[in-house]
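Overview (structure and organization)
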Amino acid sequence: MPEDEVFLMLVGAGLRIVHVTLHERLFDALERITPVLIERAIRTANQCIGVILGIHRPKIGVFGINPHAGEGGLFGDDDGQDRQAAGWNG
């Protein structure tokens, strides 16, 4: 299976967290993250949560790599651009 079709989901304390990239060098992960890959991870997670865990219409949040991603672009807007291009504005 291609690496862009495999995602890791951590489940605990009522949360399900899906990583867009797996175990790889940070530089490589940053190069691979695109709006298309983010959307693919979201769609895969949504399907998995519904089919396997039986949670239909889950609330999904999308977080950036930059811990300051929500500070109005003070530290750049890369995370926001990727999330918005993937269709997630929240």
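Scroll up for the structure.
What this report covers is the structure whose coordinates are included nearby. A quick note: this is a predicted structure, and the numbers were derived from the prediction, not measured.

A word on the overall build of the protein chain
From N to C terminus, the protein chain includes three helices and two strands. Its helices and strands in sequence order give the protein chain the pattern β-β-α-α-α, from N to C terminus. In the protein chain, buried positions account for 20% of the 90 residues. Taking all contacts inside the protein chain whose residues are at least 6 apart in sequence as the whole, residues at least 24 apart take part in 41%. Of the roughly 6,700 Å² that the protein chain leaves accessible, carbon and sulfur atoms contribute 56%.

A few points about the pattern of salt bridges
A complete count under the given rule lists two salt bridges for this structure. The salt bridge partner of Arg-43 is Glu-39, with a shortest N-O separation of 2.8 Å. Of this pair, Arg-43 and Glu-39 both sit in helix 2 (residues 35-51), four residues apart, which is roughly one turn of that helix. Residue Arg-43 is classed as exposed on the basis of its relative accessible area of 56%. A relative accessible area of 28% places Glu-39 in the partly exposed class.

Comments concerning unusual backbone geometry
A positive phi is found at Ala-13, a non-glycine position, where the angle reads about 55 degrees. The topology assignment puts Ala-13 in the loop between strand 1 (8-12) and strand 2 (15-19). Despite not being glycine, Arg-57 shows a phi value in the positive range, around 60 degrees. By secondary structure assignment, the location of Arg-57 is in the loop between helix 2 and helix 3 (78-85).

Some points on the side chain of Thr-21
Here Thr-21 is to be found in the loop between strand 2 and helix 1 (26-32). Setting aside its immediate chain neighbours within four residues, Thr-21 contacts Ala-29, Arg-32 and Ile-33.

Regarding a nonpolar patch on the surface
Together, Met-1, Val-6, Leu-8, Leu-10, Leu-15, Ile-17 and Leu-22 give the surface a local cluster of nonpolar side chains, amounting to about 620 Å² of exposed area. Broken down by secondary-structure element, the contributors of at least two residues to the nonpolar patch are strand 1 and strand 2. When its relative accessible area of 41% is taken as the criterion, Ile-17 is described as partly exposed.

Quick look at the side chain of Arg-32
The residue Arg-32 is located in helix 1 in this model. Setting aside its immediate chain neighbours within four residues, Arg-32 contacts Glu-3, Asp-4, Val-20, Thr-21, Leu-22, Glu-24 and Leu-37.

Brief notes about the pairing of strand 2
Examined bridge by bridge, strand 1 and strand 2 share five bridges and lie antiparallel to one another. Paired with Leu-10 across the two strands is Ile-17, which belongs to strand 2. Counted along the chain from strand 1 to the antiparallel partner strand 2, the turn is two residues long, and its residue Ala-13 has a positive phi close to 55 degrees.

Parameters at a glance
Residues numbered from 1 in each chain as written. Predicted model: local features only at pLDDT ≥ 70, side-chain atom pairs only at ≥ 80, totals over all residues. Heavy atoms only, no water. Helix = DSSP H or I, 4+ residues; strand = E, 2+ residues; numbered from the N terminus. Buried < 20%, exposed > 50% of the residue type's maximum accessible area, 1.4 Å probe, protein only. Contact = heavy atoms within 4.5 Å. Areas by Shrake-Rupley, 256 points an atom, 1.4 Å probe, with all protein chains shown as cover. Salt bridge = Lys/Arg side-chain N within 4 Å of Asp/Glu carboxyl O. Patch = residues over 30% accessible without salt bridge, like charges linked within 9 Å, V, L, I, M, F, W, Y side chains within 5 Å. Pairing = 2+ DSSP bridges.

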